[in-house]
Amino acid sequence: MTTTAVTHIASLVTNDPSLGNGTPLGLIHDAAVVIDGDRIVWTGESSKAPATDSVLDAAGRAVIPGFVDSHSHLVFAGDRTEEFNARMSGQPYRAGGIRTTVAATRAASDDDLSANVARYLAEALRQGTTTFETKSGYGLTVEDEARALRIAGRHTDEVTYLGAHIVSPDYADDPAGYVDLVTGPMLDACAPHARWIDVFCEQGAFDGDQARAILTAGRAKGLHPRVHANQLSYGPGVQLAVELDAASADHCTHLTDADVDALAQGNTVATLLPGAEFSTRAEWPDARRLLDAGATVALSTDCNPGSSFTSSVPFCIALAVRDMGMTPDEAVWAATAGGAAALRRTDVGRITPGARADLVLLDAPSHVHLAYRPGVPLVSAVWRRGERVV
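The residue count restarts for each chain, going from 1 along the sequence in the order it is written. Under the rules for a predicted model, residues below a pLDDT of 70 receive no local features and side-chain atom pairs below 80 are neither given nor counted, while totals for whole chains, interfaces and linings still include all residues. By convention in this description, side-chain values take in all heavy atoms of the structure and omit both hydrogens and water.

## Thoughts on the nonpolar core
(1) Moving on: Throughout this description, the term nonpolar core refers to a set of buried Ala, Val, Leu, Ile, Met, Phe, Trp, Tyr and Cys residues connected via side-chain atoms within 4.5 Å. Throughout this description, buried means an accessible area under 20% of the type-specific maximum (1.4 Å probe, protein chains only), exposed means over 50%, and partly exposed covers the range between. One finds Tyr161, Phe206, Leu263, Leu290, Leu299, Ile317 and Leu362 to be the most contacted residues of the largest nonpolar core, which totals 87 residues.
(2) Moving on: Leave out the neighbours within four places in its chain, and Tyr161 touches Ser136, Glu145, Leu149, Val182, Met186, Leu187, Cys190, Ala194, Trp196, Ile197, Asp198 and Leu223.
(3) Moving on: If you look at the next biggest cluster of nonpolar residues, it comprises 17 residues, including Val6, Ile9, Val33 and Val63. The criterion used for residue contact is that any of the two residues' heavy atoms lie within 4.5 Å.

Here is the structure:
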């Protein structure tokens, strides 16, 4: 292995408060990073960088950790252009639109589904995403959910079983029977291929009792909970997530004071997905309220063909700053270290010795430009596991 130094970095986001200026971002100015193999081995001022086998001059540009996208739905076929067009023409978003994607996904081949995942991951990588989670949930049969997880596992270790996305159309008249399937034969087939279990706890999907049964069954099989919580309405999702020590409660759009307090006092990360609110013209989550209460907040794309068809974390950062009350520092932290926390990872989302060498070089002097220059392709280079991939 050879060592590489990236030097003359105008502003380095380490996400280590013990470094640099002492803020959560741990900013170091005129900085350098040394990579050895797939790991970071040194960070500090550029003038103090140790000798290395090769050097890349950042020429006064910023470096941040690779984005950690902790919520996506990439195993799917087809698109929902007509639904989006109708929604932008005044029709409301409802969870039932998922059925359209279920039909297309069931009809697709394994190769087509895998190629689709690879396509969107390559798209995300070009925009700085180096770690991602993705889910099943568009098969809703034992066979189709298991194959979705096998396909996802070809592309990432962060795989989530979401048989409880909606009640399968095959069980429209027997929701209890579908919960039995999700917690029985489907779980048995899917558990070996997943790290996480998720449920859409929402009106039109699964109520609190059903969600509890599904997540509890998953935990008994060794899967850790995540929850689609409080997206479309107030409900029990957030409280259930905290009670079951879910790694993340995702969406968190409609929160009571008790929900906010529970998130602030527990270990569950509030993962906000502004692409969904943008694409559905829904009410924005109040990130400021969560942050001021002391909750840990992550930002992710929710990339899916129905309600948030974007793979761009920079876009979500800009939305969070403009419409959700986050500062640029908070939004960048949430999209890197926050995403890592939502996956209970300590090896990604930061640039410190021992962390995985996932770095993004911006064509800008500061991370603030991600919100300051929305829509501009600022990512000029990406390293993942120490290898330059963009």
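## Quick word on unusual backbone geometry
(1) Moving on: The backbone of Leu140 sits at a positive phi, close to 65°, despite the residue not being glycine.
(2) Moving on: Looking at the secondary structure, you find Leu140 in the loop between β7 (129–135) and α4 (142–153).
(3) Moving on: Since its relative accessible area comes to 1%, Leu140 is described here as buried.
(4) Moving on: Backbone geometry places Arg385, a non-glycine residue, at a positive phi of 55°.
(5) Moving on: Here a strand is any run of E in DSSP of at least two residues, a helix any run of H or I of at least four, and the numbering for each starts at the N terminus. Inspection of the secondary structure puts Arg385 in the loop between β16 (379–384) and β17 (387–388).

## Quick look at the pairing of strand β1 (residues 3–12)
(1) Moving on: With 8 of 10 residues buried, β1 lies mostly within the body of the structure.
(2) Moving on: In this structure, β1 lies alongside strand β2 (residues 28–36), joined through 7 bridges in antiparallel fashion. Within β2, the position partnered with Ser11 by the bridge is His29.
(3) Moving on: By definition, two strands form a pair when at least two bridges between them are found by DSSP. Bridging between β1 and strand β4 (residues 54–57) involves 4 bridges; their strand directions are parallel. Looking at β4, one finds that Thr7 is bridged to Asp57.
(4) Moving on: By the bridge criterion, 2 bridges tie β1 to strand β5 (residues 62–65) in an arrangement that is parallel. In the sheet register, Leu12 faces β5, and the bridge partner there is Val63.

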